[in-house]
Amino acid sequence: MRDLEFLEEQKVSPALLREVERFREAYEVPEDVKNRIVKPPIPFYGREILEMAIAALLQGENVLLSGSKATGKNILAENLAFIFRRPSYNISFNVNTDSSSLIGTDTFVENEVRLRKGPVYQCAAKGGFGIFDEINMAKNDAVSVLHATLDYRRIIDVPGYDKIELHPAARFIGTMNYGYAGTKELNEALVSRFLVIDMPPLTEETLMLILKKNFPKAKEEGLRHFAGLFLDLQLKAQNSEISTKPMDLRGMIGALKTIQIGISPRKAVTMGITNKSFDMFEKEIIGDIVMTRIPEEWTGDEVF
Ligand SMILES: Nc1ncnc2c1ncn2[C@@H]1O[C@H](COP(=O)(O)OP(=O)(O)OP(=O)(O)O)[C@@H](O)[C@H]1O
Ligand SMILES: [Mg+2]
């Protein structure tokens, strides 16, 4: 399968890939939701995580991805939907999420009450991959409506409406940042309905792959400095010397983009990394780390 080359390159188990192929052949995608099969902007890098997630989904399990910001949870979820060739439904959770925003709301059509189908309903009916983004932002009682959907019953049963069974290809993937402001403790009953994958810290090898993929024209040596900076910050954050605020791959990619159109590397990193912390003391520590990796006098030529 040409489009799964990125998995072969990462040496993802061929046996799993054969099963994925069988899955794809088994489940046709309805014509009207074909446009929901979206190729992600970049591949997800990380063989072990890919294998764990693919195996779980093949066996009919739902997957919960937990990890701090910019660890690739959404990019992984999108890649999984694409790997399995399923239409994807992104469902963002927040404090106001309730059963009607998930399953559907009553509407009046020709003097009749009808259910306007919510994203979980549509996903279930079409055999989609539902991405429950920031699942721990919702109130626990709001998501209890999903219990029967997520366990062996595989149904949606809302009082007053028909009970529907999930399409056999439907799966749900949750993402969460544990302990972030605004998040809630997920209730055990909900967590029990997922296999949980903890997103690992990035390695130099993975980082370089991600940076090169995002910036194919960049100089390898230049990117190495950026990867090094990220690893330094990651280590300091792991040792609790700094917070995880500046450990921001998204910010680093943003910084590299601005270098590409002429901003000096140091200024770019200040915007993408250093300024992510608003604490004067911490900013100084980050500034010191940045100094050792990205010289002040550098111009864009060092990187592109
Ligand atoms: N393993 C990875 N493979 C590919 N890209 C990655 C990986 N880890 C992080 N990234 C990159 O990091 C950026 C952020 O990824 P993503 O939005 O998926 O993170 P997230 O974990 O959902 O973050 P948040 O918790 O802030 O929502 C993207 O540009 C993505 O390409
Ligand atoms: Mg995310």
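Bear in mind that the values here come from a model prediction, so they are computed numbers and not experimental data. (Residues numbered from 1 in each chain as written. Chains lettered and ligands numbered in written order. Predicted model: local features only at pLDDT ≥ 70, side-chain atom pairs only at ≥ 80, totals over all residues. Heavy atoms only, no water.)

*Asks:* Could you give an account of the environment of Ala142, with specific residues and numbers?
*Replies:* Residue placement: Ala142 occurs in helix α7 (residues 140-143). Owing to a relative accessible area of 10%, Ala142 belongs among the buried residues under this scheme. Note: C-alpha distance between Ala142 and Arg224 (82 residues apart in sequence) is 45 Å. Other than its neighbours up to four places away in sequence, Ala142 contacts Thr97, Asp98, Ser99 and Leu102. (Helix = DSSP H or I, 4+ residues; strand = E, 2+ residues; numbered from the N terminus. Buried < 20%, exposed > 50% of the residue type's maximum accessible area, 1.4 Å probe, protein only. Contact = heavy atoms within 4.5 Å.)

*Asks:* How would you sum up the site of ligand 1? Please name residues and give values.
*Replies:* Taken together, 17 residues form the shell around ligand 1, and within it Tyr45, Ala70, Lys73, Asn74 and Ile75 come nearest. Within the side chain of Asn177, a nitrogen or oxygen atom sits 3.0 Å from an oxygen atom of ligand 1. At a separation of 2.9 Å, an oxygen atom of ligand 1 approaches a polar side-chain atom of Arg250. Protein burial of ligand 1: of its 640 Å² of free accessible surface, 88% is covered by the chains. Spatially, ligand 1 is embedded in the largest pocket. When contributions to the shell around ligand 1 are tallied by element, the ones reaching two or more residues are α4 (73-83) and α12 (249-260). When its residues are assigned to classes, the shell around ligand 1 shows nine nonpolar, four polar and four charged. Taken domain by domain, the makeup of the shell around ligand 1 includes at least three residues from each of domain 1 (2-198) and domain 2 (204-302). (Near = heavy atom within 4 Å. Polar contact = N/O pair within 3.5 Å; in protein donor to acceptor, adjacent residues only side chain to side chain. Areas by Shrake-Rupley, 256 points an atom, 1.4 Å probe, with all protein chains shown as cover. 1 Å grid on protein atoms, 1.4 Å probe; cavity = no way out; pocket = protein on both sides within 12 Å on 5 of 7 lines; lining within 4 Å. Sits in = over half its atoms within 2 Å of the grid points. Nonpolar A, V, L, I, M, F, W, Y, C, P; charged D, E, K, R; others polar. Domains from an automatic or database assignment.)

*Asks:* For the domain arrangement of the chain, give the residues involved together with the corresponding values.
*Replies:* Each assigned domain of the chain is listed with its residue range as follows: domain 1 (2-198) and domain 2 (204-302). If you average the C-alpha positions of domain 1 and of domain 2, the two centres end up 32 Å apart. Taken together, the seven residues of domain 1 in the interface contact eleven residues of domain 2. For the pair domain 1 and domain 2, the summed buried area comes to about 780 Å², and 64% of that belongs to carbon and sulfur atoms. (Buried area = accessible area lost by both parts, 1.4 Å probe.)

*Asks:* So what's going on with the environment of Ile261? Residues and values would help.
*Replies:* Relative to the assigned elements, Ile261 resides in the loop between α12 and α13 (265-272). Judged by relative accessible area, which is 75%, Ile261 ranks as exposed. For Ile261 and Gly300, which are 39 residues apart along the polypeptide, the C-alpha to C-alpha distance reads 8.4 Å.

*Asks:* Requested: an account of the nonpolar core, with residues and values cited.
*Replies:* Across soluble globular proteins, nonpolar side chains have a tendency to be buried as a group. Among the nonpolar cores identified, the biggest contains 34 residues, and Leu211, Phe226, Leu229, Leu249, Met252 and Leu256 are the most heavily contacted of them. Of all the secondary-structure elements, those providing two or more residues to this core are α10 (204-214), α11 (220-238), α12, α13 and α14 (280-293). Among the elements that line this core, the one with the most residues is α11, at seven residues. Beyond its immediate sequence surroundings of up to four residues, Leu211 is in contact with Leu223, Phe226, Ala227, Leu249, Ile253 and Leu256. One finds Leu16, Phe23, Ile49 and Ala56 within the second-largest nonpolar core, a separate group that totals 30 residues. (Core = buried A, V, L, I, M, F, W, Y, C linked by side-chain atoms within 4.5 Å.)

*Asks:* If you had to explain the layout of surface pockets to someone new, which residues and values would you point to?
*Replies:* Computed from the structure, the largest pocket encloses a volume of approximately 830 Å³. Along the wall of the largest pocket there are 33 residues; nearest its centre are Phe44, Thr71, Gly72, Ile75 and Ile210. Only α3 (47-58), α4, α10 and α12 provide two or more residues apiece to the lining of the largest pocket. The leading source of residues in the lining of the largest pocket is α10, at five residues. Taken as a whole, the second largest pocket spans an internal volume of roughly 280 Å³. Taken together, 15 residues line the second largest pocket, and the ones lying closest to its centre are Asp3, Phe6, Lys39, Pro43 and Lys213. Of all the elements in the fold, those that place two or more residues in the lining of the second largest pocket are α1 (5-9), α4 and α10. Ranked by the residues each element gives to the lining of the second largest pocket, the list is headed by α1, at three residues. For the lining of the second largest pocket, the per-class residue count stands at seven nonpolar, two polar and six charged. (Points joined across faces, edges and corners; volume = space filled by probe spheres on them.)

*Asks:* Run through the packing of α12 against α13, naming residues and quoting values.
*Replies:* Interaxial distance between α12 and α13 falls to 8 Å at its minimum, and their mutual angle equals 150 degrees. The interaxial crossing formed by α12 with α13 has right-handed handedness. Residues Gly251, Met252, Ala255, Thr258 and Ile259 of α12 form the contact with α13, whose own contacting residues are Pro265, Ala268, Val269, Met271 and Gly272. For the contact of α12 with α13, the per-class residue count stands at seven nonpolar, three polar and no charged. (Axes fitted to C-alpha atoms, helices over the stretch in contact; angles between N-to-C directions. Left-handed = near helix turned anticlockwise from the far one by under 90°.)

*Asks:* Before we move on, can you summarise the packing of aromatic side chains with the specific residues and values?
*Replies:* Inspection of the entire model under this criterion finds six aromatic pairs. The rings of Phe23, Tyr27, Phe84 and Phe129 are connected pair by pair, giving a single aromatic cluster. One Lys or Arg, Arg85, reaches over the ring of Phe82 and ends 4.2 Å from the middle of that ring. (Phe/Tyr/Trp six-rings, centres within 6.5 Å; stacked < 30°, edge-to-face > 60°. Lys NZ or Arg CZ within 6 Å of the ring centre and 35° of its normal.)

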